[in-house]
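Structure assessment
Chain by chain, the residues:
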Amino acid sequence: MATGNEEINIGLMGLGTVGGGVAASLVENAEAIKRKTGRTVQLRRALVRDISRHRDPEPPDGLLTTNPEDILADPAIDIVVEVMGGDTPAGEYLERALVAGKHVVTANKEVMARRGPALLALAQERRVNLLFEASAGGGIPIVGCLMSQLLANDIRSVRSIINGTTNYILTRMARQQAPFADALSEAQSLGYAEADPTNDVEGIDAAYKLSVLGSLAFHRAIPHQSIYTEGISRLAPEDFRYAAELGYAIKSLAIAAAQPDGAVCARVHPVLVPEDHLLAKVDGVYNAVEVTGDLCGQIILHGQGAGRDATTSAVMGDLLNIVRGLGNTGGPPPLPQPNDTGRHGVADSDVQPIGELSSAYYMRLTCADQAGVLAQIARILGDGNISIATVIQKDTDPGGGTAQLVITSYPSREADVQTALAAVAKLDVVVSVNNLIRIEE
Ligand SMILES: NC(=O)c1ccc[n+]([C@@H]2O[C@H](COP(=O)([O-])OP(=O)(O)OC[C@H]3O[C@@H](n4cnc5c(N)ncnc54)[C@H](OP(=O)(O)O)[C@@H]3O)[C@@H](O)[C@H]2O)c1
């Protein structure tokens, strides 16, 4: 392993969108890298799946390999940069690289969400770095902020738009009154959504990233499985129209927030956001993360959450930081393990169940267009401790004899709202409960 002034050798695992950007940056910016770090950084091997695939530019002879041992078992490789994606085999490769005493940079949210605490503990034990800026927020430097610049804060909440695909679809639905399916296929034709969009539109990708950000913000493991996750496919163009009339935009937010009892609530779902809030103005594939801390107050970072160049910026930043510190650093502190206890003496893995959430709500129902309907619904909501804030009746359909009723509530307990809405759905005068969306003020 290099410690003096000799070359630093990089083993790149993955040479796709991000790996291609990293490889190009290492070659094209070699002079600048030497100036900034004082070291010569050399790309030694690149692991790919298919060596015969056409690549532009053509890699130099001997760079590509399909054998991970060419990187993991090569003592001359100092830093492994993993940009393959997926949990397996990437997770095992990272573990082996750390055990072998190599520093690691990864852009892999899934690996960090599933194995972050164990890998960070291993890095600490081996006194090597494991940095993962690109795993959440792409080019937005939020991971480093939470890990170091904001460390003195007692973080109250992290609220974020961290899935560009979803945000693009929601932006199209809002602007063009497009149904979800049309906005999704437009996103697919532009390359913003994958052929199988499940991970993005169902909030799974955002939950991985929230697991990373929430764990850093609250110094406890927030397993991605404990994050309440709801997708965007139930949203309809009329929800955007009614939300706008009420003064809100609809965004899919990934939220982790401290609760008074010491638990953290962690959730990914559509939200009504006041239209004058900065998060409501984040459009298209852009991402934003708002952090509220006791000392820093409210901070919002906005930028490109994906894409070759933005993600390369994050990966190369980690890489150059390691190169700069080589020879005089240990690894970063590990994320706490799930059985640690927090500052409030509550089990650190305590993630609040969604039923305990206190929130204001937007409800859209299709009802019989006749007198007395609202009174029946209001009685059930009142009996369930839910106070109505506003009611609007919309889109009366004389032919069908139905109307849309949009009700917003004052903050209420989610379990009470769910129970009351189930009872409302059984009323003869209610055709359907179309949507329930939480409101963030
Ligand atoms: N793309 C973005 O904008 C972005 C943003 C933030 C984070 N990330 C993260 O960065 C990582 C890489 O994303 P990407 O978009 O660059 O992916 P990609 O374009 O699909 O590239 C993946 C690369 O890894 C190689 N690979 C995959 N599985 C392999 C295996 N089992 N053995 C050997 N090589 C394998 C592929 O080889 P072949 O070339 O032979 O197919 C390819 O070169 C992911 O973790 C992703 O979540 C991406």
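In this text, all values refer to a predicted model and were calculated from it rather than measured experimentally.

**Thoughts on helix α12 (residues 308-325)**
Between its terminal C-alpha atoms α12 stretches 26 Å, which fits the 26 Å expected from 18 residues at 1.5 Å a residue. Those residues of α12 not exposed but buried are A310, T311, T312, A314, V315, M316, D318, L319, L320, I322, V323 and G325.

**As for the site of the ligand**
Around the ligand, a shell composed of 22 residues is seen, among which L15, V18, D50, R53 and G307 lie nearest. T17 is positioned with one of its backbone polar atoms (N or O) 2.9 Å from an oxygen atom of the ligand. Within the backbone of G307, a nitrogen or oxygen atom sits 2.7 Å from an oxygen atom of the ligand. Protein contacts shield 79% of the accessible area of the ligand, which totals 890 Å² for the unbound molecule. Its residues placed into classes, the shell around the ligand shows ten nonpolar, seven polar and five charged.

**Here we look at the pattern of salt bridges**
Scanning the model with the defined rule gives 23 salt bridges in all. Here E440 and R159 are joined by a salt bridge, their closest N and O atoms 2.7 Å apart. Remark: R159 occurs in strand β7 (residues 155-161) and E440 occurs in the segment after β17 (430-439); sequence separation between them is 281 residues. Taking relative accessible area as the criterion, E440 reaches 13% and is therefore assigned buried. A relative accessible area of 9% means that R159 is categorised as buried. Ionic pairing is found between R267 and E440, a salt bridge with its closest N-O pair at 3.0 Å. Taken as a pair, R267 in strand β10 (residues 264-274) and E440 in the segment after β17 lie far apart in primary sequence, 173 residues in all. The residues R267 and E440 share a single accessibility class, namely buried. One salt-bridge network, held together by shared partners, links R159, R267, E290 and E440.

**Re the nonpolar core**
Among the nonpolar cores identified, the biggest contains 49 residues, and L98, L130, I142, L146 and L213 are the most heavily contacted of them. Ranked by residues supplied to this core, first place goes to helix α10 (residues 204-218) with eight residues. Counting residues in hydrophobic clusters, the runner-up holds 32 residues, among them L357, Y361, V424 and V430.

**A few points about the confidence of the model for the protein**
In the predicted model, the protein carries a mean pLDDT of 93, and the fraction of residues at 70 or more is 94%. Contacts for the low-pLDDT stretch residues 337-348, under 50 throughout, to residues beyond four places or in other chains number 20 contacts.

**Re the sheet that holds strand β1 (residues 8-13)**
Overall, parallel pairing links the six strands, which are arranged β3-β2-β1-β4-β5-β6 in an open sheet. Looking at which strands have only one partner, the edges of the open sheet turn out to be β3 (64-65) and β6 (130-131). Here strand β2 (residues 41-47) pairs with β3 via two bridges, running parallel. Within the sheet, the bridge partner assigned to L47 lies in β3 and is T65.

**Concerning the side chain of S252**
Inspection of the secondary structure puts S252 in strand β9 (residues 248-258). The residues touching S252, leaving out its near neighbours within four places in the chain, are S160, I161, T166, L170, I232, V268, H269 and P270.

**Some words on the pairing of strand β14 (residues 388-397)**
Bridge count between β14 and strand β15 (residues 402-409): seven bridges; the pairing is antiparallel. Each residue of the ladder has a partner; that of I392, found in β15, is V406. Between β14 and β15, which pair antiparallel in sequence order, lie four residues; one of them, G401, sits at a positive phi of approximately 70°.

**Remarks on the environment of N67**
Mapping N67 onto the fold places it in the loop between β3 and α3 (69-72). Spatially, the C-alpha atoms of N67 and G293 are 46 Å apart, while their sequence positions differ by 226 residues. A distance of 3.0 Å separates the side chain of N67 from the backbone nitrogen of E69, its partner in a polar contact.

Parameters and conventions
Residues numbered from 1 in each chain as written. Predicted model: local features only at pLDDT ≥ 70, side-chain atom pairs only at ≥ 80, totals over all residues. Heavy atoms only, no water. Helix = DSSP H or I, 4+ residues; strand = E, 2+ residues; numbered from the N terminus. Expected span 1.5 Å × (residues − 1). Buried < 20%, exposed > 50% of the residue type's maximum accessible area, 1.4 Å probe, protein only. Near = heavy atom within 4 Å. Polar contact = N/O pair within 3.5 Å; in protein donor to acceptor, adjacent residues only side chain to side chain. Areas by Shrake-Rupley, 256 points an atom, 1.4 Å probe, with all protein chains shown as cover. Nonpolar A, V, L, I, M, F, W, Y, C, P; charged D, E, K, R; others polar. Salt bridge = Lys/Arg side-chain N within 4 Å of Asp/Glu carboxyl O. Core = buried A, V, L, I, M, F, W, Y, C linked by side-chain atoms within 4.5 Å. pLDDT = per-residue confidence, 0-100. Contact = heavy atoms within 4.5 Å. Pairing = 2+ DSSP bridges.

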